[in-house]
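Listed below are the residues making up each chain.
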Amino acid sequence: MSASTEAAVIHRTGIDGWRWFGRLFLVLLLGFTVMPMLWMFITSLKTGFAAMQYPPQWWPTEPTLENYWRLIDPTSSVGQDFLRYFWNSVWVSTLTTILAVVVAVPAAYAFSRFRFPGRTFLFFAVLLRNMFPAVVFLVPLFILMRVLGLVNTHGSLILTYLTFGLPLAIWLLKGFYDNIPVQLEQAARIDGATRFQAFFLIVMPLSTPGIIATSIYSFIGAWNEYIYAYTFLTRHDQMTLPVGIQRFFSENATDWPGLMAATFMMSIPVVVLFLVLQRYFVRALTEGAVKH
């Protein structure tokens, strides 16, 4: 065997080794991610006594769906509250997503296509907010919402979620617009289209993956948020799911199976949404990394 052949074999062996190491790492990472969800689901199938057994019962001897039926039963007090919290979360998250897209699309397009004084400074100033933890803005935003009369309303959450979601949404969409050739718009303008028509008929269809990714990000952020919802909302009928499921905690005991069932049902919309639309999300994240 020649020296060059031996070197090629060693090089390929090294590549295969790293490839298998990467696969093993991904399997471990997948297990680390899936195991909490799996244990949460198993606990939700147990009775209250079985959930408190020690050593833990890894699979219930008598699995039951009673905890889930109780949550979706509109005739029970638990079901009424859970369905109300669920609807509040859907309403707040959906409206936040729609407004985020409506604002982020023209803002990102302006940053991508127009040149104006202070453009670079303003763009990075938009991202500056992400350098600080959310709790830093808790008291100032609460005071602002109280002055505006929005405490105990869903409007306070929607405005707050827009404040935190728009910077990354604009950044994602700008990277996407940067990779759409401006010549396509120029050709449409030559054919008699206005700038708005060129944007609506040419750029918008091509930017669909970026818009979908922005929508996913905005929806997940609003759906899972807890700190501001806990601070701004005290009325029982206005609470969202992250705050509302606290009713499973009481002074004397905690309904762990009911809590796990509610948490599992809360995670289902986000997981399904991401699995269905993940290719758009990944494409939007990587699109801005390569200039065409």
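Look up: the structure comes first, before these words.
Residues numbered from 1 in each chain as written. Predicted model: local features only at pLDDT ≥ 70, side-chain atom pairs only at ≥ 80, totals over all residues. Heavy atoms only, no water.

Regarding the environment of Thr231
Part 1: By the element assignment, Thr231 lies in helix H11 (residues 227-232).
Part 2: Overall, Thr231 belongs to the partly exposed group, its relative accessible area being 25%.
Part 3: Considered as a pair, Thr231 and Val151 are 80 residues apart in the sequence and their alpha carbons are 9.0 Å apart.
Part 4: Not counting chain neighbours up to four residues away, the residues in contact with Thr231 comprise Leu138 and Phe142. (Helix = DSSP H or I, 4+ residues; strand = E, 2+ residues; numbered from the N terminus. Buried < 20%, exposed > 50% of the residue type's maximum accessible area, 1.4 Å probe, protein only. Contact = heavy atoms within 4.5 Å.)

Things to note about a nonpolar patch on the surface
Part 1: A contiguous nonpolar surface patch, about 770 Å² in accessible area, is contributed by Leu128, Met131, Phe132, Val135, Val136, Tyr226, Ile227 and Tyr230.
Part 2: Take Phe132: it is sitting in the loop between helix H5 (119-128) and helix H6 (138-148). (Patch = residues over 30% accessible without salt bridge, like charges linked within 9 Å, V, L, I, M, F, W, Y side chains within 5 Å. Areas by Shrake-Rupley, 256 points an atom, 1.4 Å probe, with all protein chains shown as cover. Salt bridge = Lys/Arg side-chain N within 4 Å of Asp/Glu carboxyl O.)

So, the pattern of salt bridges
Part 1: According to the stated counting rule, one finds four salt bridges in the structure shown.
Part 2: Glu185 serves as the salt-bridge partner of Arg113, at 2.6 Å between the closest nitrogen and oxygen. Of this pair, Arg113 sits in helix H4 (residues 77-113) while Glu185 sits in helix H8 (residues 182-190), placing them 72 residues apart in sequence. Accessibility classification places Arg113 together with Glu185 in one group, the buried group.
Part 3: Two residues, Arg235 and Asp237, come together in a salt bridge whose shortest N-O distance is 2.9 Å.
Part 4: On the accessibility criterion, Arg235 (40% relative accessible area) is partly exposed.

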